[in-house]
Number of protein chains: 2
Amino acid sequence: MKIMNTAYKFLKKKGAETMDENIPKYLLIVNWVKEQLEKNNLKPGDKLNSENELSSMFGVSRQTVRHAVSMLEQEKILDRRRGSGTYICEPEVRKKSKTMNVAVVTTYIDDYIFPTIIKEIERAMSKAGYTVQIAFTHNHIERESAVLQNILDRDMVDGIIIEPTKSGIPKPNLELYEEIRRRHLPAIFINSYYPKIRIPHVSLDDQAAGYEAARYLLEAGHEKIAGIFKSDDIQGHLRYSGYTKGLLEAGLKIHDENVLWIDTEDIRNMEADRNRILRRLEGCTACLCYNDEVAFEVVKICQKEGIRVPEDMSVIGIDNSDLATHCEVPLTSIELPAQDLGRLAAENLIKLMEDSSFDAGFEFVPKIVERNSVKKV
Amino acid sequence: MKIMNTAYKFLKKKGAETMDENIPKYLLIVNWVKEQLEKNNLKPGDKLNSENELSSMFGVSRQTVRHAVSMLEQEKILDRRRGSGTYICEPEVRKKSKTMNVAVVTTYIDDYIFPTIIKEIERAMSKAGYTVQIAFTHNHIERESAVLQNILDRDMVDGIIIEPTKSGIPKPNLELYEEIRRRHLPAIFINSYYPKIRIPHVSLDDQAAGYEAARYLLEAGHEKIAGIFKSDDIQGHLRYSGYTKGLLEAGLKIHDENVLWIDTEDIRNMEADRNRILRRLEGCTACLCYNDEVAFEVVKICQKEGIRVPEDMSVIGIDNSDLATHCEVPLTSIELPAQDLGRLAAENLIKLMEDSSFDAGFEFVPKIVERNSVKKV
DNA sequence: TTCCCAAACTTGTATGTACATCTTTAACCC
DNA sequence: GGGTTAAAGATGTACATACAAGTTTGGGAA
């Protein structure tokens with residue numbers, strides 16, 4: 001049976017948690033210091049007891065204390081200053097001394113507005129001395145989990161800009177977002193966001209965008225307005241809610257048979273869904289599309305069917321992307337200021353990293369961009 | 001005067017470089033081990049002399065040896081195994097324990113083929129467990145310098161994929177590329193490259209691309225073929241050289257008045273240069289364009305001028321980007337397989353990082369994609 | 001030959017001492 | 001009050017010793 005010596009007695013008195021008598025004395029001291037830090041008995045900048053004091057406190061030799069302290073110094077928890085004393089490192093030095101690296105996680109990159117957003121983020125970040133690390137989820141939940149887990153595991157970034165994947169449907173991995181918050185890792189959502197999670201977002205005011213698009217069609221004299229929305233992200237829900245708000249305000253009813261919900265997979269091959277789409281457009285004079293990509297496809301489908309745009313069918317998109325100008329019938333659209341969005345997301349994240357109390361949230365007010373895809377009746 | 005003790009004598013005998021008698025003994029041992037490593041007297045996996053041996057070799061106490069060895073252990077140079085001995089770490093563990101991070105430096109991101117390239121790089125890299133850090137030069141030499149300098153300074157990546165900026169004009173900062181080579185930092189050029197610098201490249205065979213485009217026009221019966229090329233990157237030079245090769249082989253002469261050289265800035269606003277462009281096209285029935293972006297603009301300018309494409313003027317592009325299909329007159333073009341290029345660049349860099357002797361270079365054979373912008377006479 | 005075990009050797013933990021070197025502080029002088 | 005200086009006290013280097021605990025190895029038993 002081992003004799004319980006002074007060091008153990010001391011720890012017992014102080015109420016140490018781990019009382020395995022087989023762990024070496026120097027580790028006991030290491031753990032003791034870490035405990036004091038957690039309990040806030042020691043704060044950054046504080047001076048630790050001198051080696052001789054610790055040595056007599058714990059009833060161990062000064063060499064053993066030195067062993068412990070040198071371990072803690074390696075972990076950047078303590079800072080030894082010759083002649084002066086041993087101090088607790090400042091947290092920014094202690095934690096990870098800032099990597100000056102931020103992660104950007106988006107669903108896509110080759111989709112129309114993403115290159116611009118990413119370009120602006122990179123521009124603003126590199127201007128401020130940060131490097132940008134990217135990852136794409138391809139709008140797959142498992143990918144997003146893997147990417148976020150990887151970022152959290154590696155712990156190499158000072159902040160994150162995330163475009164949530166499939167924000168419109170219930171997700172099993174909200175847990176990871178919570179973990180980001182728990183770690184106080186500065187983060188900003190772009191485009192989508194989760195109302196339940198307290199992470200600020202920079203995005204278009206999507207409800208207002210849907211509303212403005214509806215108002216524009218209504219003011220152009222349309223009354224039978226179809227809508228095509230994306231079901232698996234929250235922008236789709238919000239834009240739909242703006243669409244209904246506009247119609248209801250104008251005293252019109254919402255006809256479910258004129259509303260089509262599609263998801264990420266559907267958008268990839270809308271041509272295949274042409275009959276389903278045409279059915280929903282039946283009897284309508286206008287169609288409010290989730291975005292320009294959808295509008296672009298709707299125009300193509302209509303034209304192949306002999307439905308002229310805008311003479312027989314008015315089409316409006318949202319996002320005001322290049323596609324809107326490249327389309328054979330230039331598309332009237334709602335502007336999503338991708339440049340400003342990227343820049344603001346980056347700038348706000350930078351502020352957030354410097355001052356965690358900064359309110360980094362922002363929503364852009366939608367503006368209509370008129371082109372030739374809507375007929376005024 | 002200090003007495004020269006055994007440790008110093010030992011080092012003198014062994015021909016140590018630094019003989020400052022004021023540096024502590026444990027540091028002498030640290031330096032000695034590092035020297036042995038540089039001189040290849042010690043190789044990864046080798047067993048170091050035991051602590052007692054070193055202690056008597058240097059004439060110091062075992063504690064002092066332990067101090068030195070523990071420093072080297074911290075630096076991940078040595079690996080202590082209790083009961084067995086102390087060993088030299090394997091290089092991959094020793095060097096920097098791999099950051100599993102690669103840098104991708106391109107000129108643009110929002111230009112047509114870049115999103116695809118970057119997407120594929122990210123896809124392949126993340127599949128292999130790497131994270132991707134991006135930076136854009138906007139085709140500005142100073143930006144490129146700053147970006148590369150930053151990457152080298154931070155030393156946080158295992159490899160680099162670079163699209164050289166303005167590869168067609170003499171550059172002051174080739175020095176940085178040399179530095180990359182000197183550090184044995186795995187790197188791959190994409191799109192452009194410098195023949196003088198021994199860094200492998202993955203790109204289209206641009207000379208062959210120019211040649212194929214010229215052959216296609218020649219076989220379609222054209223003889224007066226104008227050319228518009230980019231002067232500030234090497235692809236422009238190579239594509240031009242393929243163009244001349246094709247014409248000369250067909251027994252035609254190169255008419256300088258039908259060749260237009262433009263640069264990055266010109267491409268931004270080609271509309272402003274319309275008269276200059278139209279002058280070069282005068283008397284020609286076809287125009288070989290540096291890329292689809294240029295071809296797209298040429299088609300627009302021609303149409304505004306009442307020159308029909310392809311009836312009055314055949315136009316051929318290179319890259320086979322989305323623009324080629326979005327153009328009002330779908331463009332015949334030469335395929336640059338952006339997906340394969342990104343994937344191959346990533347995969348080859350991964351191999352290169354694992355085996356520095358791997359030949360990572362690759363050039364794609366150009367293939368023609370026929371659409372409606374060339375008339376067969 | 002194969003297996004087991006103890007001896008020999010290795011690193012790990014711990015103590016004690018001594019002196020060097022740097023910083024802080026307080027007493028001192030002007 | 002301000003500058004100087006020496007003492008006190010902190011960490012840094014270095015030595016010697018002892019025992020603990022894990023690995024390797026070779027000799028002896030089966």
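Up top is the structure these notes are about.
Residues numbered from 1 in each chain as written. Chains lettered and ligands numbered in written order. Predicted model: local features only at pLDDT ≥ 70, side-chain atom pairs only at ≥ 80, totals over all residues. Heavy atoms only, no water.

*Asks:* How should I be thinking about the overall build of chain A in this particular structure?
*Replies:* Helix and strand counts for chain A come out as 15 helices and 15 strands. The C-alpha extent of chain A, read off along each of the three principal axes, is 95 × 45 × 35 Å. Residues classed as buried in chain A amount to 52% of the 377 residues present. Taking all contacts inside chain A whose residues are at least 6 apart in sequence as the whole, residues at least 24 apart take part in 71%. Counting every atom, chain A has about 17400 Å² of accessible surface; 48% of that belongs to carbon and sulfur. (Helix = DSSP H or I, 4+ residues; strand = E, 2+ residues; numbered from the N terminus. Buried < 20%, exposed > 50% of the residue type's maximum accessible area, 1.4 Å probe, protein only. Contact = heavy atoms within 4.5 Å. Areas by Shrake-Rupley, 256 points an atom, 1.4 Å probe, with all protein chains shown as cover.)

*Asks:* Even after reading the chapter, I still don't get the layout of surface pockets, so can you show me in this structure?
*Replies:* The method is simple in principle: a probe with the dimensions of a water molecule rolls over the atoms, and the space it marks as empty is what remains. Approximately 1500 Å³ is the volume found for the second largest pocket. What lines the second largest pocket is a set of 34 residues, among which A:R66, A:H67, A:S70, A:R80 and B:H67 lie closest to the centre. If you list the elements that add at least two residues to the lining of the second largest pocket, you get β1 (47-48), α3 (51-58), α4 (62-74), β2 (78-81) and β3 (85-88) of chain A together with α4 (62-74) of chain B. The leading source of residues in the lining of the second largest pocket is α4(A), at nine residues. (1 Å grid on protein atoms, 1.4 Å probe; cavity = no way out; pocket = protein on both sides within 12 Å on 5 of 7 lines; lining within 4 Å. Points joined across faces, edges and corners; volume = space filled by probe spheres on them.)

*Asks:* Mind showing me how you'd approach the protein's contact with DNA strand C here?
*Replies:* Neighbouring residues of DNA strand C: 25 residues in total, closest A:K25, A:Y26, A:Q63, A:T64 and B:R62. A distance of 2.8 Å is found between a base nitrogen of DNA strand C and a side-chain nitrogen or oxygen belonging to B:R62. Backbone polar atom of B:G83 to a base oxygen of DNA strand C: 3.3 Å apart, as the coordinates give it. Those elements that place two or more of their residues in the surface near DNA strand C are α2 (25-38) and α4 of chain A together with α4, β2 (78-81) and β3 (85-88) of chain B. With four residues, the single largest contributor to the surface near DNA strand C is α4(A). By residue class, the composition of the surface near DNA strand C is three nonpolar, 13 polar and nine charged. (Near = heavy atom within 4 Å. Polar contact = N/O pair within 3.5 Å; in protein donor to acceptor, adjacent residues only side chain to side chain. Nonpolar A, V, L, I, M, F, W, Y, C, P; charged D, E, K, R; others polar.)

*Asks:* It is not clear to me how unusual backbone geometry should be interpreted in this structure. Could you clarify?
*Replies:* Only a minority of non-glycine residues have a phi that is not negative, and only a minority of peptide bonds are not trans. Note the cis peptide between A:V309 and A:P310, where omega equals 10 degrees. By the secondary structure assignment, A:P310 is in the loop between α13 (292-304) and β12 (314-319). The phi dihedral of B:H184 is positive, around 60 degrees, even though this residue is not glycine. Among the secondary structure elements, B:H184 is positioned in the loop between α8 (174-182) and β7 (187-190).

*Asks:* Explanation requested: the interface of chain B and chain A in the structure shown.
*Replies:* Bring the parts together and some accessible area is lost; that lost area is often taken as the interface size. With 28 residues of chain B in contact, the opposing surface of chain A contributes 27 residues. Between chain B and chain A, the buried area comes to about 2400 Å², and carbon and sulfur atoms account for 57% of it. Our enumeration of links across chain B and chain A arrives at four salt bridges. Notably, a salt bridge pairs A:E122 with B:R143, separated by 3.4 Å at the nearest N-O pair. At the junction of chain B and chain A, the tally comes to 16 residue pairs in polar contact (both at pLDDT 80 or more). Elements supplying a minimum of two residues to the side of chain B that touches chain A: α6 (114-127), β5 (131-136), α7 (141-154) and α14 (322-326) of chain B. Counting residues per element, the side of chain B that touches chain A draws most heavily on α6(B), at seven residues. (Buried area = accessible area lost by both parts, 1.4 Å probe. Salt bridge = Lys/Arg side-chain N within 4 Å of Asp/Glu carboxyl O.)

*Asks:* Help me out: how do you make sense of the sheet that holds strand β13 (residues 332-335) of chain B in this one?
*Replies:* Within a sheet, each strand pairs with its neighbour through backbone hydrogen bonds, oriented either parallel or antiparallel. Residue and element names in this part refer to chain B. In space, the six strands of this open sheet follow the order β10-β9-β11-β12-β13-β15, with mixed pairing throughout. With one partner strand each, in any of the chains shown, β10 (259-262) and β15 (367-369) form the two edges of the open sheet. Within the sheet, the average angular offset between the axes of one strand and its neighbour, ignoring direction, is 20 degrees. Packed on one face of the sheet, helix α9 (residues 206-219) meets β9 (225-230), β11 (286-289), β12 (314-319), β13 and β15 and runs near 165 degrees to β11. Where helix α13 (residues 292-304) meets the sheet, its contacts fall on β9, β10, β11, β12 and β13, and the angle it forms with β12 comes to roughly 155 degrees. (Pairing = 2+ DSSP bridges. Axes fitted to C-alpha atoms, helices over the stretch in contact; angles between N-to-C directions.)

*Asks:* Just checking my understanding: could you explain the side chain of B:T99 for this structure?
*Replies:* Residue placement: B:T99 occurs in the loop between α5 (91-95) and β4 (101-106). Assessed through its relative accessible area of 15%, B:T99 is described here as buried. Only 2.9 Å separates the side chain of B:T99 from the backbone oxygen of B:M156, close enough to count as a polar contact. With near-sequence residues (within four places) excluded, B:T99 lies in contact with A:R154, B:M156, B:V157 and B:D158.

*Asks:* Explain the environment of B:V33 here, please?
*Replies:* Residues and elements named next belong to chain B. Relative to the elements of secondary structure, V33 occurs in helix α2 (residues 25-38). By relative accessible area, which is 1% here, V33 ends up buried. Each C-alpha atom of the pair V33 and A68 lies 9.4 Å from the other, and the pair is 35 residues apart in sequence. Ignoring any residue separated from it by four or fewer positions in sequence, one finds V33 in contact with L42, L48, L72 and L78.

*Asks:* Is there a simple way to think about α3(A) in this case?
*Replies:* All names here are of chain A. Within α3, the full set of buried residues consists of E51, L54, S55 and F58. In a view along the axis of α3, the buried residues occupy a sector of 105 degrees, so they form one face of it. Residues of α3 that are exposed and angled more than 90 degrees away from the buried face: N52 and S56. Following α3 by one or two positions, G59 adopts a phi angle in the positive range, close to 65 degrees. (Arc of directions from axis to C-beta.)

*Asks:* How should the protein's contact with DNA strand D be read in this particular structure?
*Replies:* Around DNA strand D there are 25 residues in total, and A:E51, A:T86, B:K25, B:Y26 and B:T64 lie nearest to it. Considering DNA strand D, the proportion of its atoms within 4 Å of the protein that are sugar or phosphate atoms stands at 68%. Between a phosphate oxygen of DNA strand D and a side-chain N or O atom of A:R80, the distance comes to 3.2 Å. Between B:Q63 and DNA strand D, the recorded distance is 2.9 Å, taken from a side-chain N or O atom to a base oxygen. For the surface near DNA strand D, the elements supplying multiple residues, two or more each, are α4, β2 and β3 of chain A together with α2 and α4 of chain B. Element by element, the count of residues in the surface near DNA strand D is highest for α4(B), at four residues. Taken together, the residues that form the surface near DNA strand D break down as three nonpolar, 13 polar and nine charged.

*Asks:* In this structure, what is going on with the pairing of β9(B)? I would like to understand it.
*Replies:* Side-chain positions along a regular strand alternate between the two faces of the sheet. Residues and elements named next belong to chain B. Counting buried positions along β9 yields six of six residues, so the element is predominantly enclosed. Every second residue of β9 is oriented toward a common face, with I225, G227 and F229 on one face and A226, I228 and K230 on the other, all of them buried. Judged from the four bridges that link them, β9 and β11 form a sheet pairing that is parallel. Each residue of the ladder has a partner; that of I228, found in β11, is C289. The pairing of β9 with β10 spans four bridges and is classified as parallel.

Geometric values such as these leave the question of function open.
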